[in-house]
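Spelled out, the chains give:
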Amino acid sequence: QHARRVFSGVQPTGDLHLGNYLGAVKRFVEMQNNDWETIYCIVDLHAITVSWPGREGMTAATRELAAAFLACGMDPEKSVLFNQSQVPAHTQLAWIFSCVARLGWMNRMTQFKDKAGKNAERSSLGLYAYPALQAADILVYHATHVPVGEDQRQHIELTRDIATKFNLDFGAENFFPLPEPMIEGVATRVMSLRDGSKKMSKSDPSDQSRINLTDDADTIAKKIRKAKTDPEPLSETLEGLEERPEALNLVRIYAALAETTPEQVMAEHGGASFSTFKPALADLAVAKLAHIGEEMRRYLADPAEIDRVLGKGAEKAAAIADPILARTYDIIGY
Ligand code: ADP
Ligand code: NA
């Protein structure tokens, strides 16, 4: 009944890095080019749940994310690319879902607890209700698949619970599909280059080792040369790297960039010293990433063109979402 339709959203919070690329954007582009119907949303409404970056900051972060998507090969003819605030159906359906989701369900969301910390009383209602908006983001397109990181698994389960309860309570069997999470595997989880036990993340501003998508070739190469490693050369096989997270991380990054497996990388580079392996990885990273930064700068030099692409994307998104919202209203009796 429901087509294979992918939805994923990314917050416009700036400073996209290698982890975002390998774990998210690169996968998005692969799906776009592989026969999926793909809908990618810059979730700018989610981006004010904790704080507002200022008017200019908001606009700049939205354009930067759009430029990153485009520079990484997202094709607005093949994917629907837009920002959430431009398609009102998201928030309209979110209200209905706020009336479907139970307080007990929302109270179990671990990401709210993490983000609110000790100060839950001072958190916004939006931060608490965020997963209901996320469910609406997905279901307003009848999306069937959602590529996300492991930290979003619980929210996708909530989305399925909301869909199930809506379908049941409003007598609309199978109206909303139960979307499948496509959880990013360890192979594309990028760890910090200075601490192999932590994810590479923009939320650690003191981490100078992070490879940003806007870095130029020299900066990329330098960051890889300076990546933390132990003094031993690479082991002969992948199993030998189990207790060496920093080395394993570099091998996985190599594999992801080369579009091969870590086993294959070890077949080629097993036993190599880091003074040999790091330059090989640096060359590969520069070849795969440096042009992304250049392309981003080219897009960002023409913000009106980015806005035009997003505006057209919003029209396409609304053309899918509006009829689904209209049917939802009809089911309820509005
Ligand atoms: P950050 O952790 O830098 O704040 P986000 O939480 O905004 O990044 O994540 C945006 C997307 O990028 C998500 O799909 C997430 O799973 C993916 N992602 C973020 N960091 C990494 C990483 N270190 N490795 C792989 N994927 C990542
Ligand atoms: Na496609």
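Cut-off values and rules
- Residues numbered from 1 in each chain as written.
- Chains lettered and ligands numbered in written order.
- Predicted model: local features only at pLDDT ≥ 70, side-chain atom pairs only at ≥ 80, totals over all residues.
- Core = buried A, V, L, I, M, F, W, Y, C linked by C-beta atoms within 7 Å.
- Buried ≥ 20, exposed ≤ 12 C-beta atoms within 10 Å, placed from the backbone.
- Domains from an automatic or database assignment.
- Contact = placed C-beta atoms within 7 Å.
- Near = placed C-beta within 6 Å.
- Helix = DSSP H or I, 4+ residues; strand = E, 2+ residues; numbered from the N terminus.
- Nonpolar A, V, L, I, M, F, W, Y, C, P; charged D, E, K, R; others polar.
- pLDDT = per-residue confidence, 0-100.
- Axes fitted to C-alpha atoms, helices over the stretch in contact; angles between N-to-C directions.
- Parallel < 35°, antiparallel > 145°, perpendicular 65-115°, else oblique.
- Left-handed = near helix turned anticlockwise from the far one by under 90°.
- Expected span 1.5 Å × (residues − 1).
- Bend = angle between axes of the 7 residues up to and from the residue.
- Pairing = 2+ DSSP bridges.
- Right-handed = clockwise from strand over helix to strand, strands pointing away.
- Arc of directions from axis to C-beta.

Trainee: So what about the nonpolar core? Which residues, and what values?
Mentor: Counting residues in hydrophobic clusters, the biggest one holds 89 residues, and the most contacted among them are Ile39, Ala68, Phe69, Cys72, Phe97, Ala136 and Val251. The two domains that each donate at least three residues to this core are domain 1 (5-189 + 302-332) and domain 2 (217-297). Setting aside its immediate chain neighbours within four residues, Val251 contacts Leu241, Pro262, Val265 and Met266.

Trainee: Quick one: what's the story with the site of ligand 1, residue by residue and with numbers?
Mentor: With respect to spatial proximity, 19 residues lie near ligand 1, and among them Gly19, Gly23, Ala24, Gly149 and Ser201 are the closest. Broken down by element, the shell around ligand 1 gets its largest block of residues, five residues, from helix H1 (residues 18-32). Class assignment for the residues of the shell around ligand 1 results in six nonpolar, nine polar and four charged.

Trainee: Tell me about the confidence of the model for the chain, and please be specific about residues and values.
Mentor: Looking at the chain as a whole, its pLDDT mean stands at 95, while 99% of the residues score no less than 70. Scoring of the predicted complex yields 0.94 for pTM and 0.94 for ipTM.

Trainee: Can you tell me about the domain arrangement of the chain, naming the residues and giving the values?
Mentor: Domain annotation for the chain reports domain 1 (5-189 + 302-332) and domain 2 (217-297). Using C-alpha coordinates to define each centre, domain 1 is positioned 32 Å away from domain 2. At the interface, seven residues of domain 1 touch seven residues of domain 2. With three residues, the single largest contributor to the side of domain 1 that touches domain 2 is helix H2 (residues 55-71). Of the residues that constitute the side of domain 1 that touches domain 2, the class distribution is six nonpolar, one polar and no charged.

Trainee: Account for the packing of helix H3 (residues 89-100) against helix H12 (residues 303-332), naming residues and giving values.
Mentor: Here H3 crosses H12 at 30 degrees, and the two axes come no closer than 10 Å. Taken together, H3 and H12 sit at an angle that is classed as roughly parallel. By crossing handedness, the relation of H3 to H12 is classed as left-handed. Facing Ala89, Gln92, Leu93 and Ile96 of H3, the residues of H12 in contact are Ala318, Ala321, Asp322, Leu325 and Thr328. Split by residue class, the contact of H3 with H12 holds six nonpolar, two polar and one charged.

Trainee: Can you tell me about H1, naming the residues and giving the values?
Mentor: Here H1 spans 20 Å end to end across 15 residues, near enough to the 21 Å set by a 1.5 Å rise per residue. The sharpest bend along H1 reaches about 35 degrees and sits at Val25. Counted residue by residue, H1 has 12 buried out of 15 residues, so it is predominantly covered. Listing the buried residues of H1 in full gives Leu18, Gly19, Asn20, Tyr21, Leu22, Gly23, Ala24, Val25, Phe28, Val29, Met31 and Gln32.

Trainee: Describe in detail the environment of Glu180, supporting the description with residues and values.
Mentor: Note on placement: Glu180 falls in strand E5 (residues 180-183). Separated by 34 residues in the primary sequence, Glu180 and Val146 place their C-alpha atoms 6.1 Å from one another. What Glu180 contacts, discounting residues up to four positions off in sequence, is Thr144 and His145.

Trainee: How would you summarise the pairing of strand E3 (residues 79-83) if you had to cite specific residues and measurements?
Mentor: Buried residues dominate E3, accounting for five of its five residues. Residues Ser79, Leu81 and Asn83 of E3 are buried on one face, and the alternating residues Val80 and Phe82, pointing to the opposite face, are buried as well. Here strand E2 (residues 37-42) runs beside E3; their pairing, made up of five bridges, is parallel. Within the sheet, the bridge partner assigned to Cys41 lies in E3 and is Phe82. This β-α-β element, E2 to H2 to E3, shows right-handed connectivity.

Trainee: Tell me about the packing of helix H8 (residues 217-225) against helix H11 (residues 274-300), and please be specific about residues and values.
Mentor: Between H8 and H11, whose axes approach to 9 Å, the crossing angle comes to 150 degrees. In the crossing of H8 with H11, the sense of the turn from one axis to the other is right-handed. Taken together, the residues of H11 that come into contact with H8 (itself represented by Ala217, Ile220, Ala221, Ile224 and Arg225) are Lys278, Leu281, Ala282, Ala285, Val286, Leu289 and Ala290. The residue inventory of the contact of H8 with H11, partitioned by class, reads 10 nonpolar, no polar and two charged.

Trainee: Quick one: what's the story with the environment of Tyr334, residue by residue and with numbers?
Mentor: Here Tyr334 lies in the segment after H12. Looking at Tyr334, the number of C-beta atoms within 10 Å reads 8, which means it is exposed. Spatially, the C-alpha atoms of Tyr334 and Lys222 are 60 Å apart, while their sequence positions differ by 112 residues.

Trainee: A description of helix H7 (residues 153-169) should follow, citing residues and the corresponding values.
Mentor: Between its first and last C-alpha, H7 extends 24 Å over 17 residues, near the 24 Å set by a 1.5 Å rise per residue. All of the buried residues along H7 are His155, Ile156, Leu158, Thr159, Ile162, Ala163 and Phe166. Along the axis of H7, the buried positions cluster into a sector of 155 degrees, meaning they face one direction only. Summarising the geometry of H7, the exposed residues directed more than 90 degrees from the buried face are Arg153 and Leu168. Of the surrounding secondary structure, the elements contacted by the buried residues of H7 are H3, helix H4 (103-107), helix H6 (125-139), strand E4 (145-148) and E5. At the exit of H7 stands Gly171, carrying a positive phi of roughly 60 degrees.

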